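Topology and contacts: notes
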Amino acid sequence: MPKESNKSSKEEQNKMDKDEMENSAEPSEEMIGKRMRRNTPSPHRLTPQSSPPRFVSVEELMETAKGVTNMALAHEIVLNSAFQVKPFEPEEGSLEKQVKEIMHKAFWDCLVAELSENPPSYSHAIKLVGDIKETLLSFLLPGQSRLRGQIEEALDLSLIQQEAENCALDISKVARFIIDMMATFCAPCRDKDVKNLREITEIVPLFKSIFAVLDKMKIDMANFAVSSLRPHLLQQSVEYERNKFQEFLEKQPNALDFTKKWLQDTADYVNRGKVEGGATCTPYSSQLALTVHNHAYLRLLKWDHDAESFPETLLMDQSRFQEMKQELEQLALVASVLLIVYNSAGEAISGLPGLMERLKKTIKILVSEMHTPSFKDDEPFAAIGEKLCMELRGCLSQHGFLPFSPDRESTLKGQIVAAKLADNPIRKVIDSRIQTYLLGFLDTCTNRCSPPLPGGLTPISKELEEIAVKLGRLVTFNKLVYSPFYKKILQEILIRGENVDV
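Fair warning: this is a prediction, and the values are worked out from it, not measured in the lab.

Turning to the overall build of the chain, a few remarks are in order. Looking only at helices and strands, the chain features 18 helices and zero strands. Sorting the 502 residues of the chain into buried and exposed places 42% on the buried side. By element, 53% of the accessible surface of the chain is carried by carbon and sulfur atoms, the whole surface being about 28,000 Å².

Below, the structure written as structure tokens:
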């Protein structure tokens, strides 16, 4: 893929990226490698012909993999506000865990043996103090020279070594200083852990506990750094991810084949006039390009992740689209059942305070595991029918209405059970309205104006808006990063070299 033609166009693109970012709202290397291998293009009727891949060295491939991993990590930090560094623990029963436990036990046993000698030997203990000193110094900010001086003075290893050799070392005093410094640096959530250290009197258990708390403090510090880094990373990540992908594309020229197919299939669908805007737009209008692009993102919420290869430019967000797809399917089911109930009961339950929320909560609980392999829809839907009819009987009686007849209840239960089918007419109507709302949100997200909520979606309005905001943020960021690539692809598909604003 050619790079930007000149410096001015690159500056203009960067300015557009920053402006659009202001207006918009822990993958492992192994995981990234698996995704890339799974999505390696294979011959396909609609797959564009790619350039023959050139041979690259192992060193180049390793460097590329490292870049992709770094890009994935930066991407996760920017888009996932809940991202946190977590400590690594080997799996229970694994060889790695067994080796780790054996080595740790051997080390602490050796420390116990040294301190039990007469006079005590402190060689291992001094090494531990050195490790602790380096950890404490790593917590310091550049301007904290006074604390640095205190640590250097109190944990002077050469002085501690001399005291040990002259049997004048007070190891408990050293430990107390370390605990005082930990209390200075630790996050509030670690105050109790540090306080507990002061109650340990035996040296070996004390040092073991000090290291355990220090490990937690390292994670706390890393997560604090991540949260501090996020606003700055957001400003740089668009160009960073784009450049990293460009580097990957130069080594793998066919790395956009599935992205091209994704956009081509969507353009074919739009041009057949099956979606709003497709029949009214001229073949090479910028409005058609925008329509194709937004519909392409909408298709990802219906994607068959087992049968279709995901676009390369969205691989790092595939799990997010899978999650949104499942959430939307559950919301469509909830809204469908509620629409059936309220259409059946009519004015008798219309506007009753709290009823809709109770019904909604019941449905959500019973379908909460609908995407798990063990979920059998017959029993949950029969239970939904029973519970909703029971709720309606009590509600109608409480407000002076006649209860449903057995036949009417049976009909209502049958309609509720039928809603489990994807081709159920009411389910299809609700699903279509959800898609219309989300498309409207993508079309209007640049001016921060939410589209009107279609009928029947009021019960799920809050959840739907949350998904729409999440989708809009994801789409906006993806467009910013990959806009040069999308622009070229859509030019080839729609206007054959004429400029398109995507």
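On to the pattern of salt bridges, then. All chains considered together, the criterion is met by 18 salt bridges. As a salt-bridge pair, Arg-358 and Glu-391 come within 2.8 Å of each other at their nearest N and O atoms. Taken together, the residues span a long stretch of sequence, with Arg-358 in helix α14 (residues 355–366) and Glu-391 in helix α15 (residues 378–398) at a distance of 33 residues. The partly exposed category is assigned to Arg-358, whose relative accessible area is 39%. We note a salt bridge from Glu-463 to Lys-360, for which the minimum N-O separation is 2.7 Å. You can see Glu-463 sitting in helix α18 (residues 461–495) and its partner Lys-360 sitting in helix α14, a full 103 residues away along the chain. Of the two residues, Glu-463 and Lys-360, neither departs from the other in class, the shared state being buried. Salt bridges sharing partners connect three or more residues here, namely Arg-190, Asp-193, Lys-216 and Asp-220.

The next point concerns the environment of Glu-308. With respect to the secondary-structure elements, Glu-308 resides in the loop between α12 (286–299) and α13 (318–345). Taking the C-alpha atoms as reference points, Glu-308 and Trp-262, separated by 46 residues in sequence, lie 10.0 Å from one another. When residues no more than four places from it in sequence are discounted, the contact partners of Glu-308 are Arg-299 and Trp-303.

For the rest of this paragraph, the subject is the packing of aromatic side chains. For the coordinates displayed, the defined rule picks out 12 aromatic pairs. Here the aromatic rings of Trp-303 and Phe-310 are separated by 5.7 Å at their centres, their planes lie at 85 degrees, and the arrangement is edge-to-face. For Trp-303, a relative accessible area of 4% corresponds to the buried category. When its relative accessible area of 0% is taken as the criterion, Phe-310 is described as buried. A centroid spacing of 6.1 Å and a plane angle of 50 degrees characterise the contact between Tyr-482 and Phe-485, whose relative ring orientation is tilted. Placement of both Tyr-482 and Phe-485 in helix α18 is noted, with a separation of three residues, approximately one turn of the helix. For the pair shown, Tyr-482 and Phe-485 are each scored as buried.

For the rest of this paragraph, the subject is the nonpolar core. If you look at the biggest cluster of nonpolar residues, it comprises 87 residues, and the most contacted ones within it are Trp-262, Tyr-297, Phe-321, Val-341, Ile-349, Ile-434 and Leu-438. When sequence neighbours within four positions are dropped, the list of residues in contact with Leu-438 reads Leu-298, Leu-301, Leu-328, Leu-464, Ala-468 and Leu-471. Grouped together as the second largest cluster of nonpolar side chains are 38 residues, Tyr-122, Ala-125, Leu-169 and Ala-175 included.

With 21 residues, α15 ought to run about 30 Å at 1.5 Å a step, and its terminal C-alpha atoms sit 31 Å apart, in line with that. Taken together, the buried positions of α15 are Pro-380, Phe-381, Ile-384, Gly-385, Leu-388, Cys-389, Leu-392, Cys-395 and Leu-396. Looking straight down α15, one finds that the buried residues subtend no more than 165 degrees of arc, so they occupy a single side. Opposite its buried face, α15 presents the exposed residues Glu-379, Met-390, Ser-397 and Gln-398, each directed more than 90 degrees away. Contacts made by the buried residues of α15 are with α13, α14 and α16 (406–418). One or two steps after α15, the chain reaches Gly-400, where phi turns positive at roughly 80 degrees.

Omega for the bond connecting Asn-118 with Pro-119 falls within 30 degrees of zero, at 0 degrees, which places this linkage in the cis form. With respect to the element layout, Pro-119 can be found in the loop between α4 (95–115) and α5 (123–138). Despite not being glycine, Cys-167 has its phi angle at roughly 55 degrees, a positive value.

Together, Leu-95, Val-99 and Met-103 line one region of the surface with nonpolar side chains, adding up to about 320 Å² of accessible area. Accessibility expressed as a relative area gives 64% for Leu-95, which makes it exposed.

Let's shift gears to the side chain of Asn-294. Mapping Asn-294 onto the fold places it in helix α12. Looking at Asn-294, the relative accessible area reads 1%, which means it is buried. With residues near it in sequence (within four places) discarded, Asn-294 still touches Leu-439, Leu-442, Asp-443 and Lys-479.

Next up on the list: the packing of α14 against α15. At their nearest, the axes of α14 and α15 sit 10 Å apart, and the two run at 165 degrees to each other. Taken together, the axis directions place α14 and α15 in an arrangement best described as roughly antiparallel. In the crossing of α14 with α15, the sense of the turn from one axis to the other is right-handed. Residues Leu-355, Arg-358, Leu-359, Thr-362, Ile-363 and Leu-366 of α14 form the contact with α15, whose participating residues are Pro-380, Ala-383, Ile-384, Lys-387, Leu-388, Glu-391 and Cys-395.

On to the packing of α13 against α15. Packing of α13 against α15 brings their axes to within 12 Å, and their N-to-C directions diverge by 40 degrees. By the criterion of interaxial angle, the relationship of α13 to α15 is oblique. Here α13 runs over α15; the crossing is right-handed. Listed contacts from α15 to Leu-333, Val-337 and Val-341 of α13 are Phe-381, Ile-384, Leu-388 and Leu-392. Its residues placed into classes, the contact of α13 with α15 shows seven nonpolar, no polar and no charged.

Basis of the calculations
The numbers attached to residues start from 1 for each chain and follow its sequence in the written order. In keeping with the model being predicted, local features are shown solely for residues with a pLDDT of at least 70 and side-chain atom pairs are shown and tallied solely at 80 or more, while totals for entire chains, interfaces and linings include all residues. Only hydrogens and water are set aside when side-chain values are computed; all heavy atoms of the structure are taken into account. Counting from the N terminus, the helices are the DSSP runs of H or I reaching at least four residues and the strands are the DSSP runs of E reaching at least two. In this scheme, a residue with accessible area under 20% of its type's maximum is buried, one over 50% is exposed, and one in between is partly exposed, where area comes from a 1.4 Å probe on protein chains only. Note on areas: Shrake-Rupley with a 1.4 Å probe; residue coverage comes only from the protein chains shown. What makes a salt bridge here is a side-chain nitrogen of Lys or Arg within 4 Å of a carboxyl oxygen of Asp or Glu, nothing more. In what follows, residue pairs with any heavy atoms lying within 4.5 Å of each other are defined as contacts. Note on ring pairs: Phe, Tyr and Trp rings are taken, using the six-membered ring of Trp, and paired if centres are within 6.5 Å. Classes follow the plane angle, with under 30 degrees stacked, over 60 edge-to-face and the rest tilted. Working definition of a nonpolar core: buried Ala, Val, Leu, Ile, Met, Phe, Trp, Tyr and Cys residues. They are joined through side-chain atoms within 4.5 Å. Expected span of a helix: the number of residues minus one, times 1.5 Å. The arc in question is formed by the directions pointing from the helix axis toward the C-beta atoms. Each patch groups residues whose relative accessible area exceeds 30% and which form no salt bridge, using 9 Å between like charges and 5 Å between nonpolar side chains of Val, Leu, Ile, Met, Phe, Trp and Tyr. Between N-to-C directions, angles span 0 to 180 degrees; the directions come from axes that are lines fitted to C-alpha atoms, helices contributing only their stretch in contact. An angle below 35 degrees is read as roughly parallel, one above 145 as roughly antiparallel, one from 65 to 115 as roughly perpendicular, and any other as oblique. The sense of a crossing depends on the near helix, which, turned anticlockwise from the far helix by less than a right angle, makes the crossing left-handed and, turned clockwise, makes it right-handed. Residues are grouped as follows: Ala, Val, Leu, Ile, Met, Phe, Trp, Tyr, Cys and Pro are nonpolar; Asp, Glu, Lys and Arg are charged; all remaining types, including Gly, are polar.

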